[in-house]
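Breakdown of the fold
Below, each chain spelled out in residue letters.
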Amino acid sequence: MKYSKFIVLILFIGLMSCKNNKKATTEVNHDDFKTIHSDFKLSSIAIEDGVLLEAYKCEEKIDDVENSIPLSWENVPYGTESLAVVMYHYPKKDDKTEINSYLLLWDIDPKTTEIPYKMAPNGDWYMGANKDGTAISYTSPCSHGKGKHEYTIALYALAETPPTLPKMNTLDVDYNVFMNAMATVKIIDRTTLRVLDTK
């Protein structure tokens, strides 16, 4: 009986440890980054007046993959050798210790100016894990709670592709891995697009 209680205790500690590790987030944070080149801009036909259109919310999952949001940009800064995209959301207001990521793309050719609707998994670049870490995919906003839910899409202009990121699509690249990689190279500029999902 004593051994059974001991085993249960060990399993509980192990589960809590895994749970805490899953919630752990990188200390790399570029929320305060001020775009250097004012004409370096990111936009989307899926967003109108800062609000995500209904047609692009809660995309249907097919084999755990969702249609990706259309994105376009202009005036990539001189000296950029690689672009990267991240979309993320803080599920708890005013708490940045927990972050959900919805799109992770890297090694995008700086001559590229758009990612059409549904095409994020099919371009000449690499893609990381979806929000739940279950598929190489985009995750569409699908907030069920009332109120405003803000998402950030950030486009990085980099001096090089982070060498710590693999040359392949992989579930191993989550938000933490992606952001830590951004800290290993020179960021020439960063532009963002704020998205509201309202209920």
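What this report covers is the structure whose coordinates are included nearby.

Rules of the game
Residues numbered from 1 in each chain as written. Predicted model: local features only at pLDDT ≥ 70, side-chain atom pairs only at ≥ 80, totals over all residues. Heavy atoms only, no water. Core = buried A, V, L, I, M, F, W, Y, C linked by side-chain atoms within 4.5 Å. Buried < 20%, exposed > 50% of the residue type's maximum accessible area, 1.4 Å probe, protein only. Helix = DSSP H or I, 4+ residues; strand = E, 2+ residues; numbered from the N terminus. Contact = heavy atoms within 4.5 Å. Pairing = 2+ DSSP bridges. Salt bridge = Lys/Arg side-chain N within 4 Å of Asp/Glu carboxyl O. Disulfide = S-S within 2.5 Å. Phe/Tyr/Trp six-rings, centres within 6.5 Å; stacked < 30°, edge-to-face > 60°. Polar contact = N/O pair within 3.5 Å; in protein donor to acceptor, adjacent residues only side chain to side chain.

A closer look at the nonpolar core
Counting residues in each nonpolar core, the largest one holds 28 residues, and the members touching the most others are Leu-103, Leu-105 and Ile-153. Secondary-structure elements contributing two or more residues to this core are β4 (71-74), β5 (82-89), β6 (100-108), β9 (148-158) and β10 (187-198). Setting aside residues up to four positions removed in sequence, Leu-103 forms contacts with Leu-71, Val-85, Val-86, Met-87, Ala-120, Met-127 and Tyr-138. By size, the runner-up hydrophobic cluster in this structure holds 20 residues, among which are Val-28, Tyr-88, Tyr-156 and Met-179.

Quick word on unusual backbone geometry
For Asp-49, which is not glycine, the phi dihedral falls at a positive 55 degrees. Checked against the element boundaries, Asp-49 lands in the loop between β2 (47-48) and β3 (51-52). You will see that Asp-64, though not glycine, has its phi angle at about 70 degrees, which is positive. Note on placement: Asp-64 falls in the loop between β3 and β4.

Some details on the pairing of β6
Of all 9 residues in β6, 9 are buried; the element is thus mostly enclosed. Here β5 pairs with β6 via 6 bridges, running antiparallel. When the bridges of β6 are listed, Val-85 appears paired with Leu-105. Here β6 runs beside strand β8 (residues 126-127); their pairing, made up of 2 bridges, is antiparallel. Across the sheet, Leu-105 pairs through a bridge with Met-127, a residue of β8.

Concerning the sheet that holds strand β7 (residues 114-115)
Read from one edge to the other, the open sheet built from 3 strands follows the order β1-β4-β7, with strand pairing classed as antiparallel. Each edge of the open sheet is held by one strand with a lone partner, namely β1 (41-43) and β7.

Some points on the pattern of salt bridges
Enumeration according to the criterion identifies 7 salt bridges in this entry. A salt bridge links Lys-167 to Asp-107, with the shortest nitrogen-to-oxygen separation between them at 3.2 Å. Of this pair, Lys-167 sits in the loop between β9 and α2 (175-182) while Asp-107 sits in strand β6, and the two are 60 residues apart along the sequence. Sharing partners across several salt bridges, the network here consists of Glu-54, Lys-57 and Asp-197.

Focus: the state of the cysteines
Considering all chains together, one arrives at 1 disulfide under this definition. Note on cysteine connectivity: Cys-58 is disulfide-linked to Cys-142, with sulfurs 2.0 Å apart. Its torsion about the S-S bond being 100 degrees, the disulfide of Cys-58 and Cys-142 is classed as right-handed. Residue Cys-58 is found in the loop between β3 and β4, and its partner Cys-142 is found in the loop between β8 and β9; the two are separated by 84 residues along the sequence. On the basis of relative accessible area, Cys-142 is assigned to the partly exposed category, the value being 29%.

Description of the packing of aromatic side chains
This structure, assessed with the given rule, holds 6 aromatic pairs. The interplanar angle of 65 degrees and the centroid separation of 6.5 Å between the aromatic rings of Tyr-156 and Phe-178 together place this pair among those described as edge-to-face. In this pair, Tyr-156 sits in strand β9 while Phe-178 sits in helix α2, placing the two residues 22 residues apart along the sequence. Across the pair, exposure class does not vary: Tyr-156 and Phe-178 are buried alike.

A short note on the side chain of Thr-191
Residue placement: Thr-191 occurs in strand β10. Judged by relative accessible area, which is 5%, Thr-191 ranks as buried. Looking at Thr-191, its side chain comes within polar contact range of the main-chain oxygen of Phe-40, at 3.0 Å. The contact partners of Thr-191, leaving out residues within four places of it in the chain, are Thr-35, Phe-40, Lys-41, Leu-42, Ile-153, Ala-154 and Leu-155.

Just distances and angles here, no functional claims.
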